[in-house]
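Here's the letter readout for the chains.
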Amino acid sequence: MDTKQASVEKLLQNPLLLPELRKIGEKVLYKERLSEDDGVLLFEKASLPFAGALANLVRERLHGDVTYFNRNFHIEPTNVCVFSCKFCSYSKLYAKREEGWELSTEQMMHIVQRYDNEPVTEVHIVGGVHPKMNMQFFMDLMRKIKAHRPGLHIKGYTPVELDYMFRKAKIPAEEGMKLMHEAGLDSLPGGGAEIFHPEIRKQICDDKVDAEGWLHIHESAHKLGMHSNATMLYGHIEQYWHRVDHMKRLRDLQDKTGGFNTFIPLKFRNQDNEMSHVAESSVIEDMKLYAVARLFMDNFPHLKAYWPMLGRQNAQLTLSFGVNDIDGTIDDTTKIYSMAGSEEQNPSMTTAELVTLIKQVKRKPVERDTLYNVVKDYSAVNMDEPEESAAVGSGD
Ligand code: V47
Ligand code: SF4
């Protein structure tokens, strides 16, 4: 029997362990699915070491020590937005659009060209919802990107942006997704999910696409063979059961389509937004959340920590609480987090730094593409060699 499994078995024999937690532990041990009640109970009653040991067992069953990252860059076409999410530190209301930025197609192509000699595999396009930036505008942009660099994977647009574009074009989601896919869109990022339950959604982001609309757009993408990610904005006014409800809706859709790659919990940051009075979660809460997510989301292959948001040391810590992916090297044009008060005011890391960060906690760094094909295994690479330590994705 492997040692991790044996140590969890030992943990479950502790006579002081609550019987209901022992039952959950046994489910994990014997690969049974957790119920919603189990999820809430873990949040309420499990100690961090207990939840972490179980989550680490699942992580290592799935991926061993492998920890993925990718090389990508971001394009944020605009920060002008017709919506007014209360947690958003980034956008400018459409009525005040002269205070924001709007990039032209030409300016965005310049960003793409800046990476011509960089071994990036993905561009992540995400921004506010600007009425002028409609389907035609983005289909034209994607065709130009693909003509310039056919191998670059385009991960872009949340259901918030897509729902708005499709409604403006007066077409159903299925048709809209097909057209965007044909124009070059390869996969969807996880944003815009926030907390699905209407009780919370009504209070923090009342006017944008609802849970059903978000899930329907991802389902439409999955039916076309596209993959996508899912996020959850946690640590604000939601209760534990809202988190579990959110994860259950995602788990149900994943049972149906199998199209999700990665679940990405996003820690709420409270700087410069209308929810600044809400305290942020503690690191202990954050690690517990990752652990419960790994245990509950049993059909999601990957759990990702977004390091620009958590900070480097906390991102390292997540690797012991179920996480097997710490996103990518990232350029300094990504503003959504630095504006919300993330640990990282200048979120860029070289490949060498990222690899070292992973190795420091005895995990195996593996560069992946968006679909988790292995680009390069760095576990045996000496990062002191000059050609491996070049900065990647660092903007200018
Ligand atoms: O949906 C906005 C979040 C998301 C705040 O798919 C905030 O690979 C915390 O989804 N505090 C957009 N979070 C970014 C996103 C993402 C990021 C990285 C990788 C991927 C992926 C997706 O940012 C929004 C919202 O949930 N957000 N404001 C804030 N104050
Ligand atoms: Fe707009 Fe997105 Fe900010 Fe909401 S989170 S206001 S949809 S940019």
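What counts, and where the lines are drawn
Residues numbered from 1 in each chain as written. Chains lettered and ligands numbered in written order. Predicted model: local features only at pLDDT ≥ 70, side-chain atom pairs only at ≥ 80, totals over all residues. Heavy atoms only, no water. Helix = DSSP H or I, 4+ residues; strand = E, 2+ residues; numbered from the N terminus. Rg over C-alpha atoms; globule rule 2.2 N^0.38 Å. Buried < 20%, exposed > 50% of the residue type's maximum accessible area, 1.4 Å probe, protein only. Contact = heavy atoms within 4.5 Å. Areas by Shrake-Rupley, 256 points an atom, 1.4 Å probe, with all protein chains shown as cover. Lys, Arg positive; Asp, Glu negative; His and termini not counted. Charge placed at Lys NZ, Arg CZ, Asp CG, Glu CD. Pairing = 2+ DSSP bridges. Domains from an automatic or database assignment. Buried area = accessible area lost by both parts, 1.4 Å probe. Salt bridge = Lys/Arg side-chain N within 4 Å of Asp/Glu carboxyl O. Polar contact = N/O pair within 3.5 Å; in protein donor to acceptor, adjacent residues only side chain to side chain. Near = heavy atom within 4 Å. Nonpolar A, V, L, I, M, F, W, Y, C, P; charged D, E, K, R; others polar. Core = buried A, V, L, I, M, F, W, Y, C linked by side-chain atoms within 4.5 Å.

Side note on the overall build of the protein
- When helices and strands are tallied, the protein shows 15 helices and twelve strands.
- Computed over C-alpha atoms, the radius of gyration of the protein comes to 21 Å, within 12% of the 21 Å expected from 2.2 N^0.38 for 396 residues, which places it in the range of a compact globule.
- The dimensions of the protein, computed from C-alpha atoms along their principal axes, are 65 × 55 × 40 Å.
- Every one of the 396 residues in the protein was classed for burial, and the buried ones make up 60%.
- In the protein, the share of contacts with a sequence separation of at least 24, taken over all contacts with a separation of at least 6, comes to 76%.
- Of the roughly 16,100 Å² of accessible surface on the protein, 51% is carried by carbon and sulfur atoms.
- Considering the protein, the positive charge centre built from 48 side chains and the negative charge centre built from 58 side chains are found 2 Å apart.

Observations regarding the pairing of strand S1 (residues 66-75)
- Counting buried positions along S1 yields ten of ten residues, so the element is predominantly enclosed.
- Both faces of S1 are covered, namely the face carrying Val66, Tyr68, Asn70, Asn72 and His74 and the face carrying Thr67, Phe69, Arg71, Phe73 and Ile75.
- Where S1 lies against strand S11 (residues 364-368), four bridges are found, and the strand directions are parallel. Its bridge partner being in S11, Thr67 is matched across the sheet by Pro365.

Examining the pairing of strand S12 (residues 374-377)
- Note that S11 and S12 share three bridges and pair antiparallel. Bridge pairing links Arg368 to Val374 in S12.
- Between S11 and S12, which pair antiparallel and follow one another directly, the connecting turn spans five residues, one of which, Tyr372, has a positive phi of 70°.

Topic: the domain arrangement of the protein
- The domain architecture assigned to the protein consists of domain 1 (3-63) and domain 2 (68-377).
- Computed over C-alpha atoms only, the centres of domain 1 and domain 2 are separated by 29 Å.
- Residue-level contacts link 22 residues of domain 1 with 30 residues of domain 2.
- Summed over both partners, the interface of domain 1 with domain 2 comes to about 2,300 Å²; 68% of that surface belongs to carbon and sulfur atoms.
- Taken together, the connections running from domain 1 to domain 2 amount to three salt bridges.
- Salt-bridge contacts for Arg33 lead to Asp298; the nearest nitrogen and oxygen are separated by 2.8 Å.
- The tally of links from domain 1 across to domain 2 stands at twelve residue pairs in polar contact (both at pLDDT 80 or more).

Regarding the site of ligand 1
- Taken together, 23 residues lie near ligand 1, and Phe87, Lys155, Gly190, Gly192 and Glu194 sit nearest.
- Backbone polar atom of Arg269 to a nitrogen atom of ligand 1: 2.9 Å apart, as the coordinates give it.
- Contact with the protein chains removes 96% of the 620 Å² of surface that ligand 1 exposes when unbound.
- Breaking the shell around ligand 1 down by element, the ones donating at least two residues are strand S7 (227-234) and strand S8 (260-267).

Some details on the site of ligand 2
- Neighbouring ligand 2 are the residues Cys81, Phe83, Cys85, Phe87, Cys88, Ser91, Gly128, Val160 and Lys208.
- Split by residue class, the shell around ligand 2 holds six nonpolar, two polar and one charged.

Quick look at the nonpolar core
- Core analysis: the biggest nonpolar cluster contains 77 residues, and Leu42, Met247, Leu250, Phe263 and Ile326 have the highest contact counts within it.
- Counting residues per element, this core draws most heavily on helix H12 (residues 283-296), which supplies eight residues.
- When residues of this core are sorted by domain, at least three fall in each of domain 1 (3-63) and domain 2 (68-377).
- Sequence-distant contacts of Phe263, that is, excluding residues within four places in its chain, are made with Ala230, Thr231, Met232, Met247, Leu250, Ala293, Met297, Phe300, His302, Leu303 and Lys304.
- The next biggest cluster of nonpolar side chains, apart from the first, holds 37 residues, and it includes Tyr90, Met108, Tyr157 and Leu188.

Here's the deal with the side chain of Glu367
- Counting through the fold element by element, Glu367 comes out in strand S11.
- Of the residues examined, Glu367 reaches a relative accessible area of 3% and is grouped as buried.
- At a separation of 3.2 Å, a polar atom in the side chain of Glu367 contacts the side chain of Arg71.
- Ignoring anything within four residues of it in the chain, the contact list for Glu367 reads Phe69, Asn70, Arg71, Pro119, Asn373, Val374, Val375, Lys376 and Tyr378.

Here we look at the environment of Cys205
- Topologically, Cys205 is positioned in the loop between helix H9 (198-204) and helix H10 (211-223).
- Taking the C-alpha atoms as reference, Cys205 lies 6.3 Å from Lys86; in sequence the two are 119 residues apart.
- The contacts of Cys205, once residues within four sequence positions are left out, are Cys85, Phe87 and Glu194.

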